[in-house]
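Fold and geometry: a report
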Amino acid sequence: MTKELLTGNTAVALGARLSGVEYVPAYPITPQTEIIERLSRWANEGAMDARVVTMESEHSMLTAAGAASVAGVRTFTATSSQGLLYGFEMLYNIAGWRAPLVLANVSRGVASPITLEPDHNDVLSARDSGFLQIHAETCQEALDSVIMAYRIAEDDKVRLPTMVNLDGFYLSYTREPVDVPEQERVAEFLPPYRPQSGYMSAKNPMSVAVVVLDGRAYSYFKYQMHLASTNALAVHEKVAGEFEKAFGRKYPAVEGYMLEDADYAIVITNSLTTTARAAVQEMRKEGKKVGLVRIRLVRPFPRQQVADMLAGKKGVAVFDQNISVGSGGILYPEILSALYHRSDRPKKVVSFIGGLGGKRVGHTEFRHMVAVTEGCVRDDSQLASVLLFTDSDWQAVKGMLRTAGKGEVSQ
Amino acid sequence: MTTLRDLPLDESLASGSLLCAGCGGVLLTRIFEKVLGPKTVTVNAAGCMSMLSVFPFTPFRSSWFYVAMASAPAAAQGIRDALDILLKKGRVAKEDDLKVVVVTGDGAAADIGLQATSGAIHRKLDFYYLVYDNEGYSNTGFQASSSSPYGASTKTTAPTALLPEGTLLDKKDLFEIWKAHRPPYIATISPAYIADMMHKIEKASRFAGPKLFIAHSPCPPGWDVGSDLVIRLSKMAVETGVWPLKEAIDGQVTHSLFMKKRRPVEEYLKMQGRFEHLFSPARQESVIQAIQAKVDDYWKNVTK
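Residues numbered from 1 in each chain as written. Chains lettered and ligands numbered in written order. Predicted model: local features only at pLDDT ≥ 70, side-chain atom pairs only at ≥ 80, totals over all residues. Heavy atoms only, no water.

**Re the overall build of chain A**
Across its full length, chain A carries 14 helices and 16 strands. The C-alpha atoms of chain A give 22 Å as radius of gyration, which agrees with the globular expectation for 411 residues (22 Å, within 12%). For chain A, the spread of C-alpha atoms along the principal axes amounts to about 70 × 55 × 55 Å. Relative to its full complement of 411 residues, chain A shows a buried share of 58%. Taking the intrachain contacts of chain A between residues at least 6 apart in sequence as the baseline, contacts between residues at least 24 apart amount to 80%. Here chain A displays about 16600 Å² of accessible surface, and carbon together with sulfur accounts for 52% of that area. Looking at charge distribution, chain A has the averaged site of its 44 positive side-chain charges lying 3 Å from that of its 46 negative ones. (Helix = DSSP H or I, 4+ residues; strand = E, 2+ residues; numbered from the N terminus. Rg over C-alpha atoms; globule rule 2.2 N^0.38 Å. Buried < 20%, exposed > 50% of the residue type's maximum accessible area, 1.4 Å probe, protein only. Contact = heavy atoms within 4.5 Å. Areas by Shrake-Rupley, 256 points an atom, 1.4 Å probe, with all protein chains shown as cover. Lys, Arg positive; Asp, Glu negative; His and termini not counted. Charge placed at Lys NZ, Arg CZ, Asp CG, Glu CD.)

As structure tokens, this is what we get:
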């Protein structure tokens, strides 16, 4: 099978095209724009039987996408960072409408300060909205995940919108070898969207999103969404199994790497996992029993799988490429809560924050994480979250501060 | 000539909703639904009319889609596009197609949703838009919107010793803002002129693209007027020239009603509690004259 060298953005656009997407409300934002450029071109050339409409904002884009999905057409859209936040109100709405659309989010740090490079504060801000979240490590996974996302989102046990996250720059603009599935085989894997609620028409009147003034009814609908989301754990497993059979690629909700005999584990998401794998290999060569856990399905949170993989380890280093200002890493407490009830829980779970705004994270950082975690286990000490920020990072920032006229600044 | 006899007897909107007695918005929505018939989907932005459909009830026979305050025209876009795709692919039969009708208040139309409306008109979306203009944020208790007129008292512009006029800003001219987008059809309507309203909706239905309506919509609690006086008040708004009945077809404006002699605006103002401070405890002559001057200024250049 020949592979093509594709950017993450093109891979995602191909995923939407192969999924038989019929409708794409769009709005440009870096680093996502290439996705909607591709889709617009294919629609205008007739290579794709879809209507692409450029809206006047992400808020309207998400509104149109949700409404069309409810009306009964397979809908795709994409955004990033500020765009996701501009349309934020609609994320909760669309999830409440139970509109099974797919939204690609190309991760980018959130202003202020403004940046173009990635971290996960954008996508994780939507973690409570009701959207399912799949976080991709590679361009291949980004493409495959779009196709899988429709199967999961449209499943009657789930019927929730799904976000596929890929890192800006690291995937969006980076070419990787991608095996593009054949259209016929995707069509076999993913049947057309035929909603149980039917299509909106004169024959099938619908009352959508009516006001609920009663707390009992509100609780009912909200908790129903929660249960539907947790159903997606089993649905993801089933769909991933079928995907592996059809296309030969395996996507567990949580993936363990060199984990079985490991004493220490790094927990990570998204594209930096690839770098972390290489660092783990290096440490293994030196005889360190280190492994890795990559969380692909962030919502619903696969609590049980995470706990099963990490239980019995001596120490766990959680890498958060995000920051909840005033609290710390966002995934860290979720990992802790997954482990708390296990008697064989790791002795220490340490929180690390790094890669904010696309700051480089390499072998040095991952080695440091393992060394610090080992130290905590050895000394029975506990640290507040550790910022991965090297001395050379600090020297560079000091230089910038000097240029900005701030004089000499102490750390 | 359209007359009241032409109004369909079928009711598309059932009675018994939670809305206030005498609400202009409900009356307008009811007539709108009557004239357009049952094959509609009503897309509503957060506001008073959102209280029509409260779970587990709906007064509509047809479809209803409640959406966030800022983006009803965008939801209309998604629904219209979806219907077109479903029709093209044969999943919905032609006779089951729906007219997409956006119903919002003036806060959504002139303030928070203006951008989404501009986008939808620019994209030549085929939809109806009914704005029930009650000149304030009625659903939250009547605060000032950009559609509140100069001199009116609202919850956020109540007259004080320092600011005796009430609202200081002028009403935003949504008609002209829409007109600058050159949609095929715009009209102002009034619940006191139902035949005119019917005639305009029917006329609009001949055009593809945005069909936009701004309706004088008395709000009994907000305007402090008895529910029994709503229609009389709406008539007075037209007869004083405060609410011109007009339409713009491809940008060409014609007035539906031209009065050689207009009643003084004072007669309109005096009917409503929201202008009471202009007459008591002391008459604010300059404010009343300023309101009259604004109306005179509008009609100065109108010939028919």
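**Brief notes about the overall build of chain B**
Along the backbone of chain B there are 10 helices and 8 strands. Its C-alpha radius of gyration of 19 Å places chain B within 12% of the 19 Å reference for a compact globule of 304 residues. In terms of its C-alpha atoms, chain B occupies a principal-axis envelope of roughly 65 × 45 × 40 Å. For chain B, the residues scored as buried account for 58% of the 304 residues in total. Intrachain contacts of chain B at a sequence separation of at least 6 include 69% that bridge at least 24 residues. Total accessible area computed for chain B in this model is approximately 12700 Å², and 57% of it derives from carbon and sulfur atoms. Charge separation in chain B, taken as the distance between the mean sites of 35 positive and 31 negative side-chain charges, equals 4 Å.

**Examining the nonpolar core**
Within the largest apolar cluster, 162 residues are counted, with the highest numbers of intra-cluster contacts made by Phe 76 of chain A together with Val 43 and Phe 65 of chain B. Excluding residues that lie within four positions of it along the chain, Phe 76 of chain A makes contacts with Val 12, Ala 16, Val 21, Tyr 23, Val 24, Pro 25, Ile 35, Leu 39, Val 102, Ala 104, Val 146 and Tyr 150 of chain A. Core analysis: the second largest hydrophobic core is formed by 32 residues, Val 210 of chain A together with Ile 31, Ile 189 and Ile 194 of chain B among them. (Core = buried A, V, L, I, M, F, W, Y, C linked by side-chain atoms within 4.5 Å.)

**What about the interface of chain A and chain B?**
In this complex, chain A contributes 43 residues to the contact, which on the side of chain B involves 41 residues. Buried area between chain A and chain B, summed over both chains or domains, comes out near 3200 Å², and the portion from carbon and sulfur atoms is 65%. Seen at the junction of chain A and chain B, the total is 7 salt bridges. Its salt-bridge partner being Asp 49 of chain A, residue Lys 88 of chain B comes within 3.0 Å of it at the nearest N-O pair. Summed over the shared surface of chain A and chain B, the number is 14 residue pairs in polar contact (both at pLDDT 80 or more). Contributing elements (two or more residues each) for the side of chain A that touches chain B: strand S3 (51-54), helix H3 (58-71), helix H5 (88-97), strand S9 (207-208) and helix H9 (215-247) of chain A. No other element matches H3 of chain A, which puts 8 residues into the side of chain A that touches chain B. (Buried area = accessible area lost by both parts, 1.4 Å probe. Salt bridge = Lys/Arg side-chain N within 4 Å of Asp/Glu carboxyl O. Polar contact = N/O pair within 3.5 Å; in protein donor to acceptor, adjacent residues only side chain to side chain.)

**Observations concerning the packing of helix H1 (residues 8-18) of chain A against helix H2 (residues 33-45) of chain A**
All names here are of chain A. Taken N-terminus to C-terminus, the directions of H1 and H2 make an angle of 45 degrees; their axes are 8 Å apart at the nearest point. Judged by the inter-axis angle, H1 sits oblique to H2. Considering how the two elements wind past one another, H1 and H2 form a crossing that is right-handed. Of the residues in H2, those in contact with Asn 9, Thr 10, Val 12, Ala 13, Leu 14, Ala 16 and Arg 17 of H1 are Glu 34, Ile 35, Arg 38, Leu 39 and Trp 42. Residues of the contact of H1 with H2, tallied by class, amount to 7 nonpolar, 2 polar and 3 charged. (Axes fitted to C-alpha atoms, helices over the stretch in contact; angles between N-to-C directions. Parallel < 35°, antiparallel > 145°, perpendicular 65-115°, else oblique. Left-handed = near helix turned anticlockwise from the far one by under 90°. Nonpolar A, V, L, I, M, F, W, Y, C, P; charged D, E, K, R; others polar.)

**A look at the sheet that holds strand S6 (residues 132-135) of chain A**
Residues and elements named next belong to chain A. One open sheet accounts for 5 strands, arranged S4-S5-S7-S6-S13; its pairing is mixed. The strands lining the two open edges of the sheet, one partner per strand, are strand S4 (76-79) and strand S13 (297-299). Recorded for the sheet is a direction-independent mean angle of 25 degrees between the axes of neighbouring strands. Both S6 and strand S7 (residues 162-167) contribute to a ladder of 4 bridges, which runs parallel. Its bridge partner being in S7, His 135 is matched across the sheet by Asn 165. (Pairing = 2+ DSSP bridges.)

**Quick notes on helix H4 (residues 114-122) of chain B**
Of the residues making up H4 of chain B, those classed as buried are Ala 116, Thr 117, Gly 119, Ala 120 and Ile 121 of chain B. Where H4 of chain B is buried, its residues contact H3 of chain A together with helix H2 (72-88), helix H3 (106-112), strand S4 (127-133), helix H5 (174-179) and strand S6 (210-216) of chain B. At the exit of H4 of chain B stands Lys 124 of chain B, carrying a positive phi of roughly 60 degrees.

**What to know about the pattern of salt bridges**
All names here are of chain A. Using the criterion set out here, one finds 55 salt bridges over all chains in the structure. Salt-bridge contacts for Glu 34 lead to Arg 38; the nearest nitrogen and oxygen are separated by 3.9 Å. With Glu 34 and Arg 38 both in helix H2, this residue pair falls 4 residues apart, about one helical turn. Overall, Glu 34 belongs to the buried group, its relative accessible area being 16%. Here Glu 255 makes a salt bridge to Arg 277, at a shortest N to O gap of 2.9 Å. Of this pair, Glu 255 sits in strand S10 (residues 254-257) while Arg 277 sits in helix H10 (residues 272-285), and the two are 22 residues apart along the sequence. Both residues of the pair, Glu 255 and Arg 277, belong to the buried class.

**Let's talk about the environment of Glu 255 of chain A**
All names here are of chain A. Under the relative-accessibility criterion, Glu 255 is labelled buried at 18%. For the pair Glu 255 and Ser 145, spaced 110 residues apart in sequence, the C-alpha to C-alpha distance is 15 Å. Among the polar contacts listed, one links the side chain of Glu 255 to the side chain of Arg 277, at a separation of 2.9 Å.

**Describing the sheet that holds strand S1 (residues 40-45) of chain B**
Reading across from one edge, S9(A)-S2(B)-S1(B)-S3(B)-S4(B)-S6(B)-S5(B)-S7(B)-S8(B) is the order of the 9 strands in this open sheet, with mixed pairing throughout. In the strand order of this sheet, the two ends are held by S9 of chain A together with strand S8 (252-255) of chain B, each with one partner.

**Let's talk about the packing of helix H11 (residues 303-310) of chain A against helix H12 (residues 331-339) of chain A**
All names here are of chain A. At their nearest, the axes of H11 and H12 sit 8 Å apart, and the two run at 75 degrees to each other. Classified by the angle between their axes, H11 and H12 sit roughly perpendicular to one another. Facing Arg 303, Val 306, Ala 307 and Leu 310 of H11, the residues of H12 in contact are Ile 335, Ser 337, Ala 338 and Leu 339. In the contact of H11 with H12, the residues fall into 6 nonpolar, 1 polar and 1 charged.

**Side note on the side chain of Glu 165 of chain B**
Residue and element names in this part refer to chain B. As for its placement among the helices and strands, Glu 165 is situated in the loop between S4 and H5. Buried and unpaired, Glu 165 has no salt bridge, with Lys 294 as the nearest side chain of opposite charge at 10 Å. In contact with Glu 165, other than residues within four places in its own chain, are Tyr 150, Gly 151, Ala 152, His 277, Leu 278, Gln 284 and Val 287.

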